[in-house]
Amino acid sequence: MLAFTLLLLQGGPPSLSASVDRDRVAVGEEVVLSVRAVSHSVEPLQVSLAPMNGFEVIGRSEQTEVSLGAGPTRVTTLEVELRALRAGVWPLGPVRARQGQQILQTGALKVTVTSGPGTSTATSLSPRVKRILERAPPPARGGKAAVSVLASEDTVFVGEQVDVVTAAWFPRDLRSQLRRPPTLQPPAAEGVWSYPQPVPPGIAASRRVGGTWYDLFVMHQVIFPLVPGQLRISEASLRYSVPVAVQFFSQEEPFTLESRPVTLTVLPLPAAGKPAGFSGAVGRGIAIARSVRPAAGRAGEALTVEIGVSGRGNVALWPTPDLAWPAGVRAYTDKVDDQLGTTNGMMGGTKTFHELAVPDSAGTLVLPALRYPYFDLDTRSYRVAAAPATAVSVAAASEAATARALPPDLITSASPPLAERVTGAVPGWIWALLVLLPPVAAVAQSVGERRRLRRPRASRPVAGGADRRLHAALRALVPDVDRYSGPALSSALRAAGVDAAIAARVTAAREAYLAACYGPRPGGADAAKLARELDELTERLGATSRRGPRRAAVASLLLLVAATPVRAQTHPEQLYRSGALRAAADGFARRARAEPDVPAHWYALGAARYRLGAEGAATAAWLRAARLAPRAAAVRRALRMVPAPDDESAHREWTAPVTPPELALAAFACWLVGWFFLVRGRGRIRARVVGLLTAALVLGSAAFALADWYREPLAIVADAGPLRLSPHGRAPEVAQLAAGTAVRPLREAGGWWLVNAAEGRTGWVPAGAITPVHD
């Protein structure tokens, strides 16, 4: 039962199949061997090909597809392009696959190769193989067959080419006795990447040793060591049968010969001088190039980007270049093609990486320069192949490509709401003083009235109210004039813009008036003269007070103009309308950071993000705009385009129809009016004061409560993904979060956020997976 359960968890067994596109070709024509391996397990599946005699490998392509259904399924398709070299019936295969303890094998596929007109049935040995055969030792015993294994090098680096040649020596007399051709089994090696190589059919060379002619038969393979250390190449075996008598049906005596194993030293790549970004590429004369098709594209339409890495070496193991895609591009890997070739016995070719790039907005798409570090076996040092940056013109998306409704037009107003401007212009401590001022003023007025009632009325020596008119003119210039007298009053008048001579006359006249009122002998014969003096000074002070506000207004205007920042002449609206959405979004984001109280900036940022396909980030920006301008029709319509995926998110995204500053200003107005009527009112008006003060308290409490609600941390999930138990990518999954889900960020750790999601679920998400509504 346990074994059955484990089998279910691992999925079904792997499968392996092989086929050819045609089973009959002429010499020089091509045939494609296709291998398909299907795995239902996470264990690696290793596919190996048998030597393909009679053919030459000219190309290789490998593609892997992964699907997640009832269980993971990985389908690997390997296509090997072969060119026929010699006429005959040649087996392709068997193909073997190994996964854990399971070994799969296909049957051999037979391909008939016919001799075409003008074609040669022989293939010459490469210069490297000829040099190796020159070192092949002759048979130790005369008249006997022998087999040996030769390697081109005895010390190599990881990833360097090693030619392994198996040489079988047969005396001509012995070979003429054989009824069947001998069987030559090449050696094997662990920890290498192997390529069987074509060799000439029949006898490769002949040599006379000790009066006996020997014919040489050759097998050739190229290996690339993968790990440093001692590499052991196993024995090669030669099997043949010799008849024991001259009769045709006589028995045969079998013979098996084995060569000596060969040991190579594989050196690791040096650590000194290793460039940044090196990922293991080894070869000779490696170059990198990039092409983009078509040369110009449209937003939302795929561009084919091909990166070709060429040179000499093990093309199959050259890693993928480090591709840095610019912002606003979605990239997808298509396939990888290997084109193999041989030059003077050295393997090489071109590895082409096919990528699909989809720009999301119009403009100039700049693909950054490419760097491909590799270890050069010719110079025994590290080098970097490079390709320059490439610019591609991207036009706006066609109307036919628009698959959903666009958000409403941008908001033209570029200023904060009135309530925001009023509340933001005054510091908080001044608002606190203004709230406390009415009750304090009411208490002070009440105390002052009681004192005036107890104070005896002084005689007024100046007729016609000249003293009252002067006092009013003084209060227009110096509001707290009652606190000043003598030189202090003169200084206050000069500070208010009054001429020094007039200030001195006003001070003297006021002192004379006070002496006449409160001296030992009130009144006097100079009362009429003093009244004329007071009236004259009142007229002059009135002229000064009329000039003062104008000067103050002009000065305030100049200060305001000087303090107004000069805005940079950037126009993200034009970029937005022309389809350059990524650049427009960046411009709107800069505006929103510089002026966070302007709802138009946040709405425009959300509109650009929405058209870029980032609906979660658009929701966050539009919620910020709604909290600043809750009654804006464009904002309300935009939010209806991105509905919340669940009830908890809808509750967290709730926005009041008024803003906290609007509630605060309404509360302040009720507070001021209530206290005014409390001080000045009579009868029924005083009875209504309680209602106004109560409304002020209710509105103020609502403003504080709404501001506190908006201060709660809130973020929107940008893309659907898992909520994990701990902050790393392989942690167990707590739940799946849909795009647009509203979460409460709690704390940040190492690029991950601990968030509270719906139904009280708490877990970790990557920082880039959520967009905060407020910083």
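Since the model is a prediction, treat every value here as computed from it, not as a measurement. (Residues numbered from 1 in each chain as written. Predicted model: local features only at pLDDT ≥ 70, side-chain atom pairs only at ≥ 80, totals over all residues. Heavy atoms only, no water.)

**Quick notes on the sheet that holds strand 20 (residues 252–258)**
Phase 1 of the analysis: What the three strands build is an open sheet, ordered 14-19-20; its pairing is antiparallel. Each edge of the open sheet is held by one strand with a lone partner, namely strand 14 (183–185) and strand 20. Neighbour-to-neighbour, the strand axes of this sheet turn through a mean angle of 20°, independent of strand direction.
Phase 2 of the analysis: In this structure, strand 19 (residues 237–243) lies alongside strand 20, joined through seven bridges in antiparallel fashion. From the neighbouring strand, Leu238 faces strand 20, where its bridge partner is Leu257. (Pairing = 2+ DSSP bridges. Helix = DSSP H or I, 4+ residues; strand = E, 2+ residues; numbered from the N terminus. Axes fitted to C-alpha atoms, helices over the stretch in contact; angles between N-to-C directions.)

**A look at the nonpolar core**
Phase 1 of the analysis: Tyr195, Ile288, Val309, Leu365 and Tyr372 are the most contacted members of the largest nonpolar core, which totals 29 residues.
Phase 2 of the analysis: Counting residues in hydrophobic clusters, the runner-up holds 26 residues, among them Tyr610, Leu612, Ala634 and Ala638. (Core = buried A, V, L, I, M, F, W, Y, C linked by side-chain atoms within 4.5 Å. Buried < 20%, exposed > 50% of the residue type's maximum accessible area, 1.4 Å probe, protein only.)

**Here's the deal with the pattern of salt bridges**
Phase 1 of the analysis: Inspection of every chain in the model, using the stated rule, returns 14 salt bridges.
Phase 2 of the analysis: A salt bridge links Glu30 to Arg83, with the shortest nitrogen-to-oxygen separation between them at 3.8 Å. You can see Glu30 sitting in strand 3 (residues 30–39) and its partner Arg83 sitting in strand 6 (residues 72–84), a full 53 residues away along the chain.
Phase 3 of the analysis: Take Arg83: its relative accessible area is 28%, and that puts it in the partly exposed class.
Phase 4 of the analysis: Of the charged contacts in the structure, one is a salt bridge between Glu160 and Arg380, with a shortest N-O distance of 3.5 Å. With Glu160 in the loop between strand 12 (155–157) and strand 13 (162–171) and Arg380 in the loop between strand 28 (370–376) and strand 29 (381–387), this pair connects stretches of sequence that are 220 residues apart.
Phase 5 of the analysis: When its relative accessible area of 5% is taken as the criterion, Glu160 is described as buried.
Phase 6 of the analysis: For Arg380, a relative accessible area of 38% gives the class partly exposed. (Salt bridge = Lys/Arg side-chain N within 4 Å of Asp/Glu carboxyl O.)

**Comments concerning the packing of helix 13 (residues 615–628) against helix 14 (residues 633–640)**
Helix packing geometry: the angle between the two helix axes and the distance between the axes.
Phase 1 of the analysis: Where helix 13 meets helix 14, the closest approach of the two axes is 10 Å, and the angle between their N-to-C directions is 145°. Every pair of crossing elements has a handedness; the one defined by helix 13 and helix 14 is left-handed. Across from Thr619, Trp622, Leu623, Ala625 and Ala626 in helix 13, the residues of helix 14 making contact are Val635, Ala638 and Leu639.
Phase 2 of the analysis: Looking at the contact of helix 13 with helix 14 residue by residue, the classes come out as seven nonpolar, one polar and no charged. (Left-handed = near helix turned anticlockwise from the far one by under 90°. Contact = heavy atoms within 4.5 Å. Nonpolar A, V, L, I, M, F, W, Y, C, P; charged D, E, K, R; others polar.)

**Considering the packing of helix 11 (residues 581–594) against helix 12 (residues 599–611)**
Phase 1 of the analysis: Packing of helix 11 against helix 12 brings their axes to within 9 Å, and their N-to-C directions diverge by 155°. Here helix 12 runs roughly antiparallel to helix 11, going by the angle between their axes. In this structure, the crossing between helix 11 and helix 12 has a hand that is left-handed. Taken together, the residues of helix 12 that come into contact with helix 11 (itself represented by Leu581, Ala585, Phe588, Ala589, Arg591 and Ala592) are His601, Trp602, Ala604, Leu605, Ala608 and Arg611.
Phase 2 of the analysis: Residues of the contact of helix 11 with helix 12, tallied by class, amount to nine nonpolar, one polar and two charged. (Parallel < 35°, antiparallel > 145°, perpendicular 65-115°, else oblique.)

**Some details on the pairing of strand 17 (residues 212–225)**
Put simply, side chains in a regular strand alternate between the two faces of the sheet.
Phase 1 of the analysis: Counted residue by residue, strand 17 has eleven buried out of 14 residues, so it is predominantly covered.
Phase 2 of the analysis: As judged from the ten bridges shared by strand 13 and strand 17, these two strands associate in the antiparallel manner. Directly across from Val165, in strand 17, lies its bridge partner His220.
Phase 3 of the analysis: Both strand 15 (residues 192–197) and strand 17 contribute to a ladder of six bridges, which runs antiparallel. Across the sheet, Trp193 pairs through a bridge with Phe224, a residue of strand 17.
Phase 4 of the analysis: Sheet topology places strand 16 (residues 205–209) next to strand 17; five bridges connect them, and they run antiparallel. By the bridge assignment for strand 17, Val209 is matched with Thr212.
Phase 5 of the analysis: The antiparallel hairpin formed by strand 16 and strand 17 contains two residues in its connecting segment, where Gly210 sits at a positive phi of about 60°.

**What to know about the pairing of strand 10 (residues 109–114)**
Phase 1 of the analysis: When strand 2 (residues 24–26) meets strand 10, the two strands line up parallel, connected through three bridges. Paired with Val25 across the two strands is Val113, which belongs to strand 10.
Phase 2 of the analysis: Taken together, the five bridges between strand 7 (residues 88–92) and strand 10 define a ladder with antiparallel strand orientation. Across the sheet, residue Val89 finds its bridge partner in strand 10, namely Thr112.

**Describing the side chain of Arg652**
Phase 1 of the analysis: Inspection of the secondary structure puts Arg652 in helix 15 (residues 647–652).
Phase 2 of the analysis: Classification of Arg652 by relative accessible area gives buried; the value is 5%.
Phase 3 of the analysis: At a separation of 2.7 Å, a polar atom in the side chain of Arg652 contacts the side chain of Asn756.
Phase 4 of the analysis: Those residues in contact with Arg652 that sit more than four places away from it in its chain are Arg627, Trp709, Leu714, Ala742, Val743, Arg744, Asn756 and Ala757. (Polar contact = N/O pair within 3.5 Å; in protein donor to acceptor, adjacent residues only side chain to side chain.)

**Some remarks on unusual backbone geometry**
Phase 1 of the analysis: Omega for the peptide link from Gly93 to Pro94 comes to 5°, which places this bond in the cis form.
Phase 2 of the analysis: Relative to the elements of secondary structure, Pro94 occurs in the loop between strand 7 and strand 8 (95–99).
Phase 3 of the analysis: Geometrically, the link from Arg293 to Pro294 is a cis peptide bond, its omega value of -5° lying close to zero.
Phase 4 of the analysis: Of note in the backbone geometry, Asn344 takes a positive phi value of approximately 55° without being a glycine.
Phase 5 of the analysis: Examined against the element boundaries, Asn344 turns out to sit in the loop between strand 25 (329–343) and strand 26 (346–359).
Phase 6 of the analysis: In this structure Asn344 comes out as exposed when scored by relative accessible area, which is 59%.
Phase 7 of the analysis: The phi dihedral of Arg380 is positive, around 55°, even though this residue is not glycine.

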